[in-house]
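The chain contents come next:
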Amino acid sequence: MSDDCLFCKIARGEIPSKKIYEDEHVFAFHDINPQAPVHALVIPKRHIATLDDLTEADRELAGHLLERTTHVARELGLGQNGYRTMINTRSHGGQEVYHIHVHILGGRPIGRMVCT
Ligand code: 5GP
Ligand code: ZN
């Protein structure tokens, strides 16, 4: 947990969010600035800054985070047509919030990946 981390505060309910799903280890909510008709974020409740900070000790949590991401996507009605998942890592990856989050984008064809 990090006192001044935005997503830690969201996971703790200290900053309001549109919650989609929560269990002991993960929290899912709608992105404040959606880039698609459905744009959700799935985070571990424990503060881990970037994907690159995962260690062997986090294997179970990382697996749970991904599995629950598929659950959240189905809950959002994206199971049939599919969706894009994305994890941005540090500056060249386009990461703005330094607490691991999986983006779920869907509700329309997202198109082929373009790296600009
Ligand atoms: P990143 O660029 O780090 O991969 O993605 C950060 C995401 O967090 C962005 O899509 C941004 O819109 C979203 N975001 C930033 N601040 C907030 C907030 O206070 N609430 C919510 N729900 N989403 C946020
Ligand atoms: Zn955090």
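Source: prediction; values computed, not measured.

### Remarks on the overall build of the protein chain
Logical step 1: When you go through the protein chain residue by residue, the secondary structure sums to 3 helices and 5 strands.
Logical step 2: Written out in order from the N terminus, the α and β elements of the protein chain read α-β-β-β-α-β-α-β.
Logical step 3: Whereas a compact globule of 116 residues would reach a radius of gyration of roughly 13 Å, the protein chain reaches 14 Å, a difference of no more than 12%.
Logical step 4: Viewed in the frame of its principal axes, the protein chain has a C-alpha envelope of about 35 × 30 × 25 Å.
Logical step 5: Look at the contacts in the protein chain between residues 6 or more apart in sequence, and 53% of them connect residues 24 or more apart.
Logical step 6: Counting every atom, the protein chain has about 7400 Å² of accessible surface; 50% of that belongs to carbon and sulfur.
Logical step 7: For the protein chain, the separation between the mean place of its 13 positive charges and that of its 15 negative charges on side chains is 7 Å.

### Here we look at the packing of aromatic side chains
Logical step 1: Within this structure, the stated rule accounts for 2 aromatic pairs.
Logical step 2: On the basis of an interplanar angle of 80 degrees and a centroid distance of 5.3 Å, the ring pair of Phe-7 and Phe-29 is categorised as edge-to-face. Taken as a pair, Phe-7 in helix α1 (residues 6–11) and Phe-29 in strand β2 (residues 26–30) lie far apart in primary sequence, 22 residues in all. The burial state of Phe-7 is the same as that of Phe-29; both residues are buried.
Logical step 3: Here a set of aromatic residues connected by ring pairs shows up, and it is made of Phe-7, Phe-27 and Phe-29.

### Quick word on the sheet that holds strand β5 (residues 102–106)
Strand pairing within a sheet occurs via backbone hydrogen bonds; the two strands may be parallel or antiparallel.
Logical step 1: The strand order across the open sheet formed by 5 strands is β1-β2-β3-β5-β4, and the pairing between neighbours is antiparallel. Only two strands of the sheet have a single neighbouring strand rather than two, namely β1 (19–22) and β4 (84–86). Across the sheet, the mean angle separating the axes of adjacent strands is 20 degrees when strand polarity is ignored.
Logical step 2: Sheet topology note: the β1/β2 ladder contains 3 bridges and is antiparallel. Bridge assignment links Glu-22 to a residue of β2, and that residue is Phe-27.
Logical step 3: Along the sheet face, helix α2 (residues 59–75) touches β1, β2, β3 (38–44), β4 and β5 and points at about 155 degrees away from the line of β3.

What counts and what doesn't
Residues numbered from 1 in each chain as written. Chains lettered and ligands numbered in written order. Predicted model: local features only at pLDDT ≥ 70, side-chain atom pairs only at ≥ 80, totals over all residues. Heavy atoms only, no water. Helix = DSSP H or I, 4+ residues; strand = E, 2+ residues; numbered from the N terminus. Rg over C-alpha atoms; globule rule 2.2 N^0.38 Å. Contact = heavy atoms within 4.5 Å. Areas by Shrake-Rupley, 256 points an atom, 1.4 Å probe, with all protein chains shown as cover. Lys, Arg positive; Asp, Glu negative; His and termini not counted. Charge placed at Lys NZ, Arg CZ, Asp CG, Glu CD. Phe/Tyr/Trp six-rings, centres within 6.5 Å; stacked < 30°, edge-to-face > 60°. Buried < 20%, exposed > 50% of the residue type's maximum accessible area, 1.4 Å probe, protein only. Pairing = 2+ DSSP bridges. Axes fitted to C-alpha atoms, helices over the stretch in contact; angles between N-to-C directions.

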